[in-house]
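# Summary of structural features
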Amino acid sequence: LAALLACGADDVALLAAVSEKVGASLGTLGVDFCKWLGLLSDDALPAESPLDSPVDVTTKLLGRPEMSYHAGERDMVAMYHELLVQLEDGSLERHTATLVEYAKPNGATAMARTVGITAAICAQLILQDAQALGTGVQRPLDRKWYEPVLRRLDDEGIRLEERVERVTSAARL
């Protein structure tokens, strides 16, 4: 880790470099997580991970038994978007979108469902009418993408709740 952060290998230099990298806004949380993960110890890193691949090493370290779901445990995905929109007449609207999805008991995780079903829906859309969607890498900012995807996600029970409200001058932010 010291080599990746281009700092001295002594404890003080390494802790200072990690603190700077994770940012002050996290307080000690980021450093504490790195310690818990084993990145700041003298223990050997997982032998089966290429040491020149930080992602592979971190993935292996996160594969600890206590990170696995136990019987009856489930994950949750939460997403919240908020946009303040100024209309042509100068008035303001707050647009919010909220998604909260829980894993199905004894079923797929919420992360697997929200990512996997979304990817499958996009693949289906391409297979149904590739010409209408265009070529190359696409961003989901065009109605031709997000409207059918959101509609089909809703059919799967994954709902994005959208709200629009007028913003008064007293409650601008």
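See the structure printed just above.
Attention here is on the structure that accompanies the text. (Residues numbered from 1 in each chain as written. Predicted model: local features only at pLDDT ≥ 70, side-chain atom pairs only at ≥ 80, totals over all residues. Heavy atoms only, no water.)

### Here we look at the overall build of the chain
- Of the regular secondary structure elements, the chain holds five helices and three strands.
- In the chain, the succession of α and β elements from N to C terminus is α-α-α-β-β-α-α-β.
- Relative to the 2.2 N^0.38 estimate, which gives 16 Å for 173 residues, the radius of gyration of the chain is 22 Å and therefore markedly larger than a compact globule would have.
- When the backbone C-alpha atoms are referred to their principal axes, the chain occupies close to 60 × 45 × 40 Å. (Helix = DSSP H or I, 4+ residues; strand = E, 2+ residues; numbered from the N terminus. Rg over C-alpha atoms; globule rule 2.2 N^0.38 Å.)

### Observations concerning the packing of helix 1 (residues 11-22) against helix 2 (residues 29-37)
- Axis separation between helix 1 and helix 2 bottoms out at 8 Å; the angle between their running directions is 125°. Judged by the inter-axis angle, helix 1 sits oblique to helix 2. The interaxial crossing formed by helix 1 with helix 2 has right-handed handedness. Contact with helix 1, carried on its side by Leu15, Val18, Ser19 and Val22, involves Gly30, Val31, Cys34 and Lys35 of helix 2 and no other residues of that element.
- Looking at side-chain class alone, the contact of helix 1 with helix 2 contains five nonpolar, two polar and one charged residues. (Axes fitted to C-alpha atoms, helices over the stretch in contact; angles between N-to-C directions. Parallel < 35°, antiparallel > 145°, perpendicular 65-115°, else oblique. Left-handed = near helix turned anticlockwise from the far one by under 90°. Contact = heavy atoms within 4.5 Å. Nonpolar A, V, L, I, M, F, W, Y, C, P; charged D, E, K, R; others polar.)

### Comments concerning the packing of aromatic side chains
- Evaluation of the coordinates by the stated rule reveals one aromatic pair.
- Over the face of the ring belonging to Trp36 we find Arg64, whose NZ or CZ atom lies 3.8 Å from the ring centre. (Phe/Tyr/Trp six-rings, centres within 6.5 Å; stacked < 30°, edge-to-face > 60°. Lys NZ or Arg CZ within 6 Å of the ring centre and 35° of its normal.)

### Notes on the sheet that holds strand 2 (residues 92-102)
- Pairing is antiparallel across the open sheet formed by three strands, whose spatial order is 1-2-3. Each edge of the open sheet carries a strand with a single partner, namely strand 1 (76-86) and strand 3 (161-167). Ignoring strand direction, the axes of neighbouring strands in this sheet form an average angle of 15°.
- Relative to strand 2, strand 1 runs antiparallel, the two being bridged by eleven bridges. (Pairing = 2+ DSSP bridges.)

### Section: the environment of Ile158
- The residue Ile158 is located in the loop between helix 5 (143-155) and strand 3 in this model.
- The sequence separation of Ile158 and Val12 amounts to 146 residues, and the corresponding C-alpha distance is 47 Å.
- Residues contacting Ile158, with those up to four places away along its chain left out, are Leu99, Glu101, Arg113, Thr114, Ile117 and Leu153.

### Overview of the nonpolar core
- Among the nonpolar cores identified, the biggest contains eleven residues, and these are Val77, Leu99, Ala110, Ile117, Ile121, Leu125, Leu133, Trp145, Val149, Leu153 and Ile158.
- Elements represented by at least two residues in this core include exactly helix 4 (110-133) and helix 5.
- Among the elements that take part in this core, helix 4 stands out by supplying five residues, more than any other.
- Aside from chain neighbours lying at most four places away, what touches Trp145 is Cys122, Leu125, Ile126, Leu133, Gln138, Arg139 and Pro140.
- With ten residues, the next largest nonpolar core counts Ala2, Val18, Leu39 and Val57 among its residues. (Core = buried A, V, L, I, M, F, W, Y, C linked by side-chain atoms within 4.5 Å. Buried < 20%, exposed > 50% of the residue type's maximum accessible area, 1.4 Å probe, protein only.)

The analysis is restricted to geometry; functional conclusions fall outside its scope.
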